[in-house]
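So the chains spell out like this:
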Amino acid sequence: MIEIVKLSKTFQTAGGKVEALKNIDLTIEDGDIYGIIGMSGAGKSTLVRCINMLERPSEGSVIIDGKDMGSLSAKGLREARREITMIFQGFNLLMQRNCLKNVCFPMELAGMKSADAKKKAMELLELVGLPDKAKAYPAQLSGGQQQRVAIARALATNPKVLLCDEATSALDPNTTHSILELIKDINKKLGITVVVITHQMSVVQEICNKVAILDGGEVAEEGLVGTVFSSPKSAAARRLVFPNGADEMVSNPANEKRIRLIFNGAHSAGTPLIATMAAEKKILTNILSATTRCVDDKVYGTMLLGVPGGEEKYMQALEYLQGVSDVIVEEV
């Protein structure tokens, strides 16, 4: 378990003090895939670096499995970091070493025998789907392959926690999906707790079970992913869930009333929802905005509808849509 208690971080700059983090309280349970999301400058990367003490908090504490990370000696901190590994946006592989030797590197630092390290490194390359790239160098690999090697290296010391700092931000959507699937698989097979730092809501939706939204160095909202994204309470959460400003869209209330649909894992079907409602119930609607996508045959995202025809048609539309499973209907 990771407990972040009253954590703050202040940097001294030429322009004065900058409060990067303010009084953060979070609990991450063993086995979670926990997302920490926010816009640029929200404090995400500073927070993840405080978890493994690459940045020392100005105030507060980070307690992992009962150990206060800030109170550990230099030796104790080195030992603890073997159980809290990290992958980055830029992969950070050693370019002069081949893939096998990159994965061996942390085991060599830990004093493992060369033969044992090579054996385990090959097992890890198998785990991440790259057993045939053992002798290849990072420059010969695609970005996705390099990240897979970085994940294998991060697993070399049998960590309990994997910190992912914008680990898919440099990758294309298809490669991002494959890396996220790999992280989910590792979490399931090895029971490793994963902390995902990202500015992409789609990443959190795809693999995380819990999420905290940072805004201006503070936790604006936290909870189960489905709960936070289906019914965001804070302004910061609503900006992420409704990135196109659907809340602000103009429609004349004299002509039509608005309904927002939030798709939270609804099963994708061959029959379109809005067209079916029009055909079956003779209820016509205007789609004012929509940001939806399918993941594993399930639909996520939002849609803003305008319903003309007065109160009667509006209530009929509400009743129909509220009967659709895994779709949250809000009156706007």
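Before any of the text, the structure's been laid out above.
Here's what I pulled together on the structure shown here. Given the structure is predicted, the values throughout are model-derived calculations rather than measurements. (Residues numbered from 1 in each chain as written. Predicted model: local features only at pLDDT ≥ 70, side-chain atom pairs only at ≥ 80, totals over all residues. Heavy atoms only, no water.)

Quick look at the pairing of strand β6 (residues 84-88)
Along any regular strand the residues' side chains alternate between the sheet's two faces. Within β6, four of the five residues are buried, leaving the element largely enclosed by the surrounding structure. In this structure, β6 lies alongside strand β7 (residues 161-165), joined through five bridges in parallel fashion. The partner of Phe-88 across the bridge, within β7, is Asp-165. (Buried < 20%, exposed > 50% of the residue type's maximum accessible area, 1.4 Å probe, protein only. Helix = DSSP H or I, 4+ residues; strand = E, 2+ residues; numbered from the N terminus. Pairing = 2+ DSSP bridges.)

Quick look at the packing of aromatic side chains
Across all of its chains, the model carries zero aromatic pairs by this definition. Across the ring face of Phe-11, the terminal group of Lys-9 is positioned such that the distance to the ring centre comes to 5.0 Å. (Phe/Tyr/Trp six-rings, centres within 6.5 Å; stacked < 30°, edge-to-face > 60°. Lys NZ or Arg CZ within 6 Å of the ring centre and 35° of its normal.)

Some thoughts on empty space enclosed by the protein
Under the defined criterion, the tally for this structure stands at four cavities of 30 Å³ or more. In this structure, the largest cavity occupies an estimated 70 Å³ of space. Forming the walls of the largest cavity are 13 residues, and the residues nearest its centre are Ala-167, Thr-168, Leu-180, Val-196 and Val-203. Per element, the largest residue contribution to the lining of the largest cavity is three residues, and it comes from strand β8 (residues 193-198). Across the lining of the largest cavity, the residue classes tally to eight nonpolar, four polar and one charged. (1 Å grid on protein atoms, 1.4 Å probe; cavity = no way out; pocket = protein on both sides within 12 Å on 5 of 7 lines; lining within 4 Å. Points joined across faces, edges and corners; volume = space filled by probe spheres on them. Nonpolar A, V, L, I, M, F, W, Y, C, P; charged D, E, K, R; others polar.)

What to know about the sheet that holds strand β10 (residues 218-224)
Across the sheet, six strands lie side by side as β6-β7-β8-β3-β9-β10; this open sheet has mixed pairing. The two strands at the open ends of the sheet, each matched to only one other strand, are β6 and β10. Along the sheet, successive strands turn relative to each other by an average axial angle of 15 degrees, direction set aside. One ladder, built from five bridges, connects strand β3 (residues 33-37) with β8; its direction is parallel. Note on β8: the bridge partner recorded for Tyr-34 is Val-195. Helix α5 (residues 143-154) contacts β6 and β7 of the sheet and is inclined by roughly 170 degrees relative to β6. (Axes fitted to C-alpha atoms, helices over the stretch in contact; angles between N-to-C directions. Contact = heavy atoms within 4.5 Å.)

Note that all results are geometric; they support no functional claim without further evidence.
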